[in-house]
Amino acid sequence: MTLKLATAGESHGPALVGILSGLPAGLVLDREAIDADLARRQQGYGRSPRQQLEQDRVEVLAGLRHGRTLGTPLALVVHNRDHKNWEWGMSPWPPEGEPSGKGTKPVTLPRPGHADLAGTLKYGFADTRDALERASARQTAISVAAGAVAKALLREIGIEVSGVVVEMGDVDEAKADRDTVGGVVEARARGIPPGLGSYATKEDRLDARLAAALVGIQAVKGVEIGAGFELAGQRGSEAHDEIFKDERGLYRKTNRAGGIEGGVSNGEEIVVRAAMKPLPTLMRPLQSVDLETGEPAEALVERSDVAAVEALSVVAEASVSFELARAAHEKFGGDAIGDFVAAHSAYLERIPWTAR
Ligand code: EPS
């Protein structure tokens, strides 16, 4: 069974929901570790006041008993505390009583760079809110909860994943200018065995899968694997990681490939980067068109982040973890966690040269 994550949830709706299926039974989960990742995602420079309102905590509705997975779908929920201010505006059913709180008036001023215009046209909405609520990066909270579960599975076979910010615009300056900034984050995975993913088809390629996982995160516009774009300007003699062997086995002195060759992990650290565009909700709005009147207008201004690059580093870590857990579970399988761990050990025994 392959690991799968189905998600649902609007930014100001009642909750975010995730159903993670395909996990082996007997995996021990630590609620505090999941909540700690959720809290990390909320921190960072440039976040909006929304983050003081939300204190994300995971709730598990199914698939877990006494802290151990049952091998059945794991149902995760993260509640939106802000929903109390949007009860009328984001009521799943036709709201009762007089309009009150937020979200009561239709939004018709699409923000360039957000899904507002394309989503509104695509689905035939009269209120851009019907598109922007799901397009919002709020839903990355559930990816982080699922990523924390994936990290627990990876830890069973000695894989550790971490995400960091490597580049970010000046938030203080941008805030003063009522502007926004983007940046670059990097995720690294250590303890990866050679052989995750495959060159067999493009769907199997680990680099393609990690790239899709990263570009699938809101506001990500570019991905690099290892030295990435820099490799294009180099000669083959400088771009590739030569192979050596000593008494401990095979090793490389460089890792320009970012731990993936031919779509397959090669046993080196996996290194991937994602570039985030500046967020599209500007306090000094960009030019747009009012979809109700067809007249030129300024784009929607609503509370937002100046930057969410630090949050992206946590989300990228989670998304890379999920994809690596999926690839590892495809390779090692197992209905019970012990089967998964044993298959990994047996595999390492088969390739002793690489088990450094
Ligand atoms: C977001 C807009 C802001 C962000 C939100 C993503 O939401 P709001 O309009 O409620 O302030 O705060 O991110 C989160 C809520 C979060 O938890 O990360 C957007 O338009 O993408």
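This section reports on the structure supplied with the text.

Cut-offs and rules
- Residues numbered from 1 in each chain as written.
- Predicted model: local features only at pLDDT ≥ 70, side-chain atom pairs only at ≥ 80, totals over all residues.
- Heavy atoms only, no water.
- Buried < 20%, exposed > 50% of the residue type's maximum accessible area, 1.4 Å probe, protein only.
- Helix = DSSP H or I, 4+ residues; strand = E, 2+ residues; numbered from the N terminus.
- Pairing = 2+ DSSP bridges.
- Expected span 1.5 Å × (residues − 1).
- Core = buried A, V, L, I, M, F, W, Y, C linked by side-chain atoms within 4.5 Å.
- Contact = heavy atoms within 4.5 Å.
- Axes fitted to C-alpha atoms, helices over the stretch in contact; angles between N-to-C directions.

### Side note on the pairing of strand E14 (residues 270-276)
- The element E14 is largely enclosed, with a buried count of six among its seven residues.
- Bridge analysis of strand E8 (residues 183-190) against E14 gives seven bridges, and the strand direction is antiparallel. The partner of Gly183 across the bridge, within E14, is Met276.
- Relative to E14, strand E9 (residues 220-225) runs antiparallel, the two sharing five bridges. By the bridge assignment for E14, Gly222 is matched with Ala275.

### Topic: helix H9 (residues 309-332)
- Along its 24 residues, H9 runs 34 Å from first to last C-alpha, staying within 8% of the 34 Å computed at 1.5 Å per residue.
- Taken across its 24 residues, H9 has 20 buried, putting it largely inside the fold.
- Positive phi shows up at Gly333, right after H9, with a value of about 60 degrees.

### Focus on the environment of Glu230
- Mapped onto the fold, Glu230 is located in the loop between E9 and helix H8 (236-239).
- Taking C-alpha positions, Glu230 is 14 Å from Asp241, a pair spaced eleven residues apart along the chain.

### A closer look at the nonpolar core
- Membership of the largest hydrophobic core comes to 68 residues, with the highest contact counts inside it found for Ile270 and Leu324.
- Looking at this core, the element that brings in the most residues is H9, giving 14 residues.
- Leave out the neighbours within four places in its chain, and Ile270 touches Ala187, Arg188, Ala189, Ile192, Leu206, Leu210, Gly258, Gly259, Ile260, Ser265 and Leu324.

### Comments concerning the sheet that holds E8
- Taken in spatial order, the four strands make up an open sheet running E7-E8-E14-E9, and their pairing is antiparallel. Whereas interior strands pair on both sides, the edge strands pair on one side only; in this sheet they are strand E7 (160-168) and E9. Sheet twist, expressed as the average angle between the axes of neighbouring strands with direction ignored, equals 20 degrees.

### Observations concerning unusual backbone geometry
- Backbone geometry places His66, a non-glycine residue, at a positive phi of 55 degrees.
- With respect to the element layout, His66 can be found in the loop between strand E4 (64-65) and strand E5 (68-69).
- For Arg178, which is not a glycine, the phi torsion comes out positive at approximately 55 degrees.
- By the element assignment, Arg178 lies in the loop between helix H6 (171-176) and E8.

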